[in-house]
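For reference, the chains in residue letters:
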Amino acid sequence: TEIERLLVEHACTRLQTLYCLHADNCDVEAFTQLFAEDGSVAVPEHPPFTGHQAIRGSMQALANLGVTMRHVMS
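This text gives an overview of the structure that appears in the document. Nothing here was measured: the structure is a model prediction, and the numbers come from that model.

Our next topic: the overall build of the protein. The secondary structure content of the protein amounts to three helices and two strands. The N-to-C order of helical and strand elements in the protein reads α-α-β-β-α. Per-residue burial for the protein yields a buried fraction of 20% across its 74 residues. Expressed as a percentage of contacts within the protein between residues at least 6 apart in sequence, the contacts between residues at least 24 apart total 33%. Mean positive and mean negative side-chain charge positions of the protein (4 and 9 charges, respectively) differ by 5 Å.

Moving on: the pattern of salt bridges. Charged atoms that come close allow side chains of opposite charge to pair. Applying the stated rule across the entire model yields three salt bridges. Among the salt bridges present, the one from Arg-5 reaches Glu-2, with a minimum N-O distance of 2.4 Å. Of this pair, Arg-5 and Glu-2 both sit in helix α1 (residues 2-24), three residues apart, roughly one helical turn. On the basis of relative accessibility, which here comes to 47%, the residue Glu-2 falls in the partly exposed class. Note that Arg-56 is salt-bridged to Glu-29, the shortest N-O span being 2.9 Å. Remark: Glu-29 occurs in helix α2 (residues 28-32) and Arg-56 occurs in helix α3 (residues 52-65); sequence separation between them is 27 residues. By relative accessible area, which is 29% here, Arg-56 ends up partly exposed. Among the charged side chains, a network of salt bridges with common partners joins Glu-2, Arg-5 and Glu-9.

The subject of this paragraph is unusual backbone geometry. The phi angle at Cys-26 is positive, at roughly 55°, despite the residue not being glycine. In this fold, Cys-26 is placed in the loop between α1 and α2. With relative accessibility at 28%, the residue Cys-26 sits in the partly exposed group. Positioned with a positive phi, Glu-45 is a non-glycine residue whose angle comes to about 70°. With relative accessibility at 83%, the residue Glu-45 sits in the exposed group.

Definitions and limits used
- Residues numbered from 1 in each chain as written.
- Predicted model: local features only at pLDDT ≥ 70, side-chain atom pairs only at ≥ 80, totals over all residues.
- Heavy atoms only, no water.
- Helix = DSSP H or I, 4+ residues; strand = E, 2+ residues; numbered from the N terminus.
- Buried < 20%, exposed > 50% of the residue type's maximum accessible area, 1.4 Å probe, protein only.
- Contact = heavy atoms within 4.5 Å.
- Lys, Arg positive; Asp, Glu negative; His and termini not counted.
- Charge placed at Lys NZ, Arg CZ, Asp CG, Glu CD.
- Salt bridge = Lys/Arg side-chain N within 4 Å of Asp/Glu carboxyl O.

Keep in mind that these numbers describe shape and distance, not what the molecule does.
Structure below.
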């Protein structure tokens, strides 16, 4: 239905927004929790990070290096 479509669109937009906010704020735990236990993140020039432990570890490594991300959304 139209309502279901709008709810799905809203959920997708919210997920994308939270992904960017948590990544940009280097909130490792909140970023990790956006994914299913067996979820994965694909980053250019790296193999995918699969599972909470790998996702958390990759984000923490970036934080430890002082890497700053700034996503631009429109």
